[in-house]
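# Commentary on secondary and tertiary structure
Single-letter residue listing:
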Amino acid sequence: MAERMKQQVMTGPGEITFCEAPIPEPGPDQVLVKIKKIGICGSDIHVYHGTHPYTSYPVTQGHEVSGQIVKTGQYVTDLQVGQPVTIEPQVFCGRCYPCLHGRYNLCEKLKVMGFQTTGAASEYFAVDASKISPLPQGMTYGEGAMLEPLAVTVHAAKRFPDLKGAKAVVLGCGPIGILLIQSLKALGAAQVLATDISDGRLALAKSLGADYIVNTAQHDFGAAVTEAFGPDKADVIYECAGTDTTMDQAIQNARKGSTIILVAVFGQRANVDLAKLNDSELDLNSSMMYRHEDYVEAIRLVNEGKIQLKPLQTAHFAFEDYQAAYQFIDDNREKTMKVIIDVDPDTGVDG
């Protein structure tokens, strides 16, 4: 009989159970990874609350992950047993127009592990070697589990091609917003203004690189932009909050002819002033996930000390306490950045 492992299963909104499953045998082009850490992100929370439009149940979660290779398939030559790694969770067809033109993050049949296909929330996970990125020496598994959201923000930052010396605004200081602030500064932006309605989140943003912060529940956003950057305002505004209010702030206060980049996922149709967008000839751009080069860049930036991930790790929970982790997030929304699931307790909180 095959050896067994513990696997998380979300059977319905707010319902998490664990089952025993066979430890998978990696295929010839795959590796078997012993999962160490898993991060919980905003999309996972939507699944937990039954509000994710593209996920059905039951589903095994886990797309922000780190682990260690314990077995390799016969055709895998560039990866070794014992290597610490992270996994790129996109599953794409390789045949549609975006895939054939190098934009597989926009695959017509894109699936993401933990949402439309099985995620890595199990003690072991078999995955194609092509989806593996090794972690450099000295990077912790906790940091490795945060490379996925960091790759999101690296990709988003680079959607504006003239970052060097740019003046940028980041609307919303959740985990993605704060990672984006760091990514922008690391990739050459001169100054970043960050907004939120939480003083705690703004303080963290300031400590991690924001040059200016403003609580838009207490202060006028347009006045804050002019005060920070002068009458020429910002070169680019990144929307990371996903609300009509913040998108309208961007449109109404952007410099004419400048750029707005949508990073957040809107939960419903937006109601914004497109006439003003047109009148100011604003470039409304968007960003969708990442590609492998964004992972490479994310790893480099962390390895060079240009981006800090540990300050965003709010709490750690044992694998069997997955449900308690979601309850903690619900109970501490304003104070929570990133919650990490310690699948392998031997790594410890800082491992």
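What this report covers is the structure whose coordinates are included nearby. Quick caveat, the model's predicted, so the values are computed rather than measured. (Residues numbered from 1 in each chain as written. Predicted model: local features only at pLDDT ≥ 70, side-chain atom pairs only at ≥ 80, totals over all residues. Heavy atoms only, no water.)

## Some points on the pattern of salt bridges
For the structure shown, the criterion picks out twelve salt bridges. Where E304 meets R300, a salt bridge forms, and the shortest distance between an N and an O atom there is 2.9 Å. In this structure R300 comes out as partly exposed when scored by relative accessible area, which is 31%. Where salt bridges share partners, they join E297, R300, E304 and K306 into one cluster. (Salt bridge = Lys/Arg side-chain N within 4 Å of Asp/Glu carboxyl O. Buried < 20%, exposed > 50% of the residue type's maximum accessible area, 1.4 Å probe, protein only.)

## Let's talk about the pairing of strand β4 (residues 64-72)
Strand direction decides the pairing type here: strand β3 (residues 30-40) and β4, joined by eight bridges, are antiparallel. Residue pairing for β4: K37 is matched across the bridge by S66. Relative to strand β5 (residues 84-87), β4 runs antiparallel, the two being bridged by three bridges. By the bridge assignment for β5, S66 is matched with T86. (Pairing = 2+ DSSP bridges. Helix = DSSP H or I, 4+ residues; strand = E, 2+ residues; numbered from the N terminus.)

## So, unusual backbone geometry
What you tend to see is this: most non-glycine residues have negative phi, and most peptide bonds are trans. Omega for the peptide link from Y57 to P58 comes to 0 degrees, which places this bond in the cis form. Structurally, P58 is set in the loop between α1 (42-48) and β4. For K233, which is not glycine, the phi dihedral falls at a positive 60 degrees. Its identity as a non-glycine residue notwithstanding, E281 has a phi of 45 degrees, on the positive side.

## As for the environment of L282
Assignment of secondary structure puts L282 in the loop between α9 (274-279) and β15 (283-286). Linking L282 and K256, residues 26 residues apart in sequence, is a C-alpha distance of 6.3 Å. Apart from residues lying up to four places away in sequence, L282 is in contact with I251, A254, R255, K256, G257, S258, I260 and L277. (Contact = heavy atoms within 4.5 Å.)

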